[in-house]
Structures are given as structure tokens and as C-alpha cells.
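Commentary on secondary and tertiary structure
What follows is each chain in one-letter form.
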Amino acid sequence: DPNVCMGIRFNAEGVPTRRVVLLDRGTVKEFVYNLRWAAKAGKTSTGHATRQYTSSPGIGAHNLYIENGITPVADMIKGLDRGFYLTDTGAFGYDAATGGWSYAASGLMIDKGALGQPVTDVSLASDTFTMLKGVKMVGNDLRFDGGTSAPHLLIEEMALSGT
């Protein structure tokens, strides 16, 4: 059944799950709701309630992914004069009110279309809307590895700082 999310037929509130397209070609299409927030918004639950044993239901994803693009990752790198290739993230901060975030990051510098010097202990920061608007290319290498998956993305600009 294409509406079942990762084999999960019902969410943490017993509501059937269903597929929801959040964004389509840069346009917000739909939001996900649990029973509480659906009622507040005058909507119906989308079956996206999650919960821990000691908490009230929240909203979460069962299988969140960005669809595959057409660009090979090597071509994305070759087309850059200067950039940062993210390989790992660590501690992070997120502000739900603004969408702002920052990650401790490691990776490789890109210099004249080639991967170069390794970089560790830097901070990578942006906000969700600016990051999504800045997607210039989507790689063709989507692999499902857990509940959130994406191919490589070439993002126009983010703040990178460190020594």
C-alpha cells in the first residue's frame, strides 16, 4: 500500500498513517499533524503522531526523504571553484521559532573542482528556509538509511566558521 509509511500502519495515537508530500518543486504542499494540532488548525490528523513513554504525543516523520535528482555527485564537485563537502556532523542547535540551526561539522574543502584538505571542528549554520531556497542541484545517489534520507545536495550558501 503506497500510503503506508515504512510499514507503519498506525501512528502513536492509533490513527492510520498516510503519505504526505511536504514540498514539491519549492512549493509547500501540506503539513503533518497529530490529533491535537490538527484540531487547532481545523484539519484532520495525517497520522504523524510520535511519542515516548513519558510524553504526550508530538509530531514526527515515519519516512522523510528528498527524491532523487539527476546530477552525479562527482559532477557537482567538479563544477565548484570553492566549497565545503560535509562528511559528518556533531552537536547541533535548532531554534524552532526561526528555523535557524548550527552543527558542529567535519568535511573536506573543495578547491577548483576537487576534494582537498580535511576540515574538523567547524560550525555550519543557516536557517531552514534559506537552505531550502539555496538548493542548486540534487544528486542522483539517494539511499534509504533510516527514517530520514536524502541524496547529496548542492546548496548555494551557508555560514562556515572555525579555525
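Residues numbered from 1 in each chain as written. Predicted model: local features only at pLDDT ≥ 70, side-chain atom pairs only at ≥ 80, totals over all residues. Heavy atoms only, no water.

1. Side note on the nonpolar core
In terms of nonpolar packing, the biggest core is built from six residues, these being Trp101, Ala105, Met109, Val119, Val122 and Leu124. For this core, the secondary-structure elements that each account for two or more residues are strand E7 (100-111) and strand E8 (114-127). (Core = buried A, V, L, I, M, F, W, Y, C linked by side-chain atoms within 4.5 Å. Buried < 20%, exposed > 50% of the residue type's maximum accessible area, 1.4 Å probe, protein only. Helix = DSSP H or I, 4+ residues; strand = E, 2+ residues; numbered from the N terminus.)

2. Describing the sheet that holds E7
Strand order in the open sheet made by the four strands is E6-E7-E8-E12, with antiparallel pairing throughout. Only two strands of the sheet have a single neighbouring strand rather than two, namely strand E6 (82-95) and strand E12 (159-161). Averaged over all adjacent pairs, the angle separating strand axes in this sheet is 30 degrees, with direction ignored. With three bridges joining them, E8 and E12 adopt antiparallel strand pairing. Bridge pairing in E12 places Ala125 opposite Ala159. (Pairing = 2+ DSSP bridges. Axes fitted to C-alpha atoms, helices over the stretch in contact; angles between N-to-C directions.)

3. A few points about the pattern of salt bridges
Across all of its chains, the model carries three salt bridges by this definition. We note a salt bridge from Glu30 to Arg18, for which the minimum N-O separation is 2.5 Å. Of this pair, Glu30 sits in the loop between strand E2 (27-28) and helix H1 (35-41) while Arg18 sits in the segment before strand E1 (23-24), and the two are 12 residues apart along the sequence. Glu30 gets classed as partly exposed once you look at its relative accessible area, which sits at 27%. Between Glu67 and Arg19 there is a salt bridge, with the nearest N and O atoms lying 3.8 Å from each other. Of this pair, Glu67 sits in the loop between strand E5 (64-65) and helix H2 (73-78) while Arg19 sits in the segment before E1; the two residues are 48 residues apart in sequence, bridging distant segments of the chain. (Salt bridge = Lys/Arg side-chain N within 4 Å of Asp/Glu carboxyl O.)

4. Thoughts on the side chain of Asn34
If you trace the backbone, Asn34 turns up in the loop between E2 and H1. For Asn34, a relative accessible area of 0% corresponds to the buried category. Only 3.3 Å separates the side chain of Asn34 from the backbone oxygen of Pro57, close enough to count as a polar contact. There is a polar contact of 3.4 Å between the side chain of Asn34 and the backbone oxygen of Gly58. Dropping the residues within four chain positions of it, Asn34 is found in contact with Glu13, Ser45, Ala49, Pro57, Gly58 and Ile59. (Polar contact = N/O pair within 3.5 Å; in protein donor to acceptor, adjacent residues only side chain to side chain. Contact = heavy atoms within 4.5 Å.)

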